[in-house]
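# Notes for the structure review
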Amino acid sequence: MIEIHDLHKYFGTLHVLKGIDLNVEKGEVLSVIGASGSGKSTLLYCINGLEPVQQGRVVVDGTDVHAKGTDINKLRQRLGMVFQQWNSFPHLTALENVALAPKIVKGKSKAEAREIAAQQLRHVGLGEKLAVYPSALSGGQQQRLAIARALAMEPEYMLFDEATSALDPELVGEVLETMRMLAEEGMTMICVTHEMGFARDVSDRVAFFHQGVMEEIGPPEQIFSNAQSEHTRKFLANVR
Amino acid sequence: MFDYNFHWRPVMKSLPDLLDAAFLTLQVAVLAMVLGIIIGLCLALIRMHMKGPIRWLASCWVELARNTPALFQLFFFGFGLGAFGLHLSPYMIVLAGLTFNCAGYLAENFRGGFNAVPDTQLRASRSLGMTAWQAYTRIVIPQVFRIVYHPITNQMVWAVLMSSLGMLVGFRELSGETQFFASRTFRIFEYFAVTAVIYYVIVKLILIASRLLATRLFRY
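Residues numbered from 1 in each chain as written. Chains lettered and ligands numbered in written order. Predicted model: local features only at pLDDT ≥ 70, side-chain atom pairs only at ≥ 80, totals over all residues. Heavy atoms only, no water.

### Here we look at the UniProt feature "transmembrane region" (unreviewed entry) in chain B
Residues and elements named next belong to chain B. The feature "transmembrane region" (unreviewed entry), as annotated in UniProt, sits at residues 22-46, 152-171 and 191-214 in this numbering. A helix fraction of 100% and a strand fraction of 0% characterise residues 22-46, whose end C-alpha atoms lie 35 Å from each other. In residues 152-171, helix accounts for 55% and strand for 0%; the two terminal C-alpha atoms are 25 Å from one another. (UniProt positions renumbered as here; feature names shortened; annotations may be inferred. Helix = DSSP H or I, 4+ residues; strand = E, 2+ residues; numbered from the N terminus.)

Rendered as structure tokens:
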């Protein structure tokens, strides 16, 4: 379970997150929507400790992410992350991209790591591309590679930071399909997304962020057809 | 008007000595490059990540190495330190001077290389649970090395050619040795012509080796 208590985040004097309270249960799929600059992505970075926070706490399965004594590298193994810019490692083949972290972070043997990697790549539909370098993959394939890479660490949670925003429109579908598959397998997911269709169909809850505040959270039906907040309604009217 | 008579025999007789000296040239250039790469990498990292006097020192190093003649840098390690009673052997003077110069130039190459690798690569690595050290050694630096590979090759060539300044501080590398024989036999043109060919061949071999290595190292 991910528990977020009164989370505040500043970039210099810019107050990006203004007291977020949010719990994400095991097995839940939460979509986070909102305009650019509303703090959605920053929230994800705070959850896995890539960004420090100024006030409040993020607790993952009982461990305070930002506490002094926390082994952040250990904790991050529970939190897979997929980025908007897919960030495949260009100097490694698809298989090596995925096998590296299990090997050097988890200490798996080379053979074992490669086996895990091959399995995860097949899982996301890249079984034919094991020996290929990322430069020879499409954006959608690279993003699926990034998903496989995160999954190879056997995380408890997956954080998706606008995983389809940088993709050509015709490649968005394959990545969403992969995310949908993960959701169906019961993965706990927090998806920052601009894909309203995905948010509506796949998530258990949808949270709307507005200027660093979580304005509204609830089941998709409620957010999409019966939003309480004026800001939510306005945002949804504009994106549709 | 052109009544110069070529005499190649003395050159050919001392060819083994010249080749020995060429080996010394290559040796000092390679050593200076290895040290220069290590120090240059450190200088680049210091300038990017540290503050205060140590950063200032690193910046001074880079500025002095790049903005003054390499010859003066050699003279500094030779006559400069000598004036303070610290006498280095000619070999050490050339090695120190070349290392100083290469480290300065390479530091700038490395800095450019690091800037060319997006920060997000580091973030992605860390998000997988890698330590900062693992992320740097496995993800960032290999990419930096690809970016700076050809500049490093250039610097290697430059180090070989620059080592010829060694003859001005009494080091009998290839140029020093050539000068020595040339002034003894007065076959100055012949000696330097042959030596030029030797330099050319050394550099050509370095470039070929570099290209072969690149195709093995960089498959992406």
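### A word on the environment of Ser183 of chain B
Residues and elements named next belong to chain B. With respect to the secondary-structure elements, Ser183 resides in helix α8 (residues 174-185). A polar contact of 2.9 Å, which involves the side chain of Ser183, links it to the backbone oxygen of Gln179. In terms of polar contacts, Ser183 uses its side chain to reach the backbone carbonyl oxygen of Phe180, at 3.1 Å. (Polar contact = N/O pair within 3.5 Å; in protein donor to acceptor, adjacent residues only side chain to side chain.)

### Details of the UniProt feature "domain: ABC transporter" (unreviewed entry) in chain A
Here the UniProt feature "domain: ABC transporter" (unreviewed entry) sits at residues 2-236 of chain A. Annotation note: span residues 2-236 of chain A, helix share 37%, strand share 26%, distance between end C-alpha atoms 27 Å.

### Let's talk about the confidence of the model for chain B
Residue and element names in this part refer to chain B. On average, chain B scores 92 in pLDDT, and the residues at 70 or more come to 100%. Taking the mean pLDDT of every element in chain B, the minimum, 86, falls on helix α1 (residues 9-13) and the maximum, 96, on helix α3 (residues 53-67). For this predicted complex, the interface score ipTM comes out at 0.90, while the overall pTM is 0.82. (pLDDT = per-residue confidence, 0-100.)

### Description of the pairing of strand β4 (residues 55-60) of chain A
Residues and elements named next belong to chain A. The pairing of strand β1 (residues 2-11) with β4 spans five bridges and is classified as antiparallel. Bridge assignment links Ile2 to a residue of β4, and that residue is Val60. Two strands pair when backbone bridges link them, and β4 and strand β5 (residues 63-64) are joined in this way by two bridges, in the antiparallel orientation. Residue pairing in the sheet places Val60 in a bridge with Thr63 of β5. Linking two consecutive strands that pair antiparallel, namely β4 and β5, is a turn of two residues; a positive phi of about 50° is found at Asp61 within it. (Pairing = 2+ DSSP bridges.)

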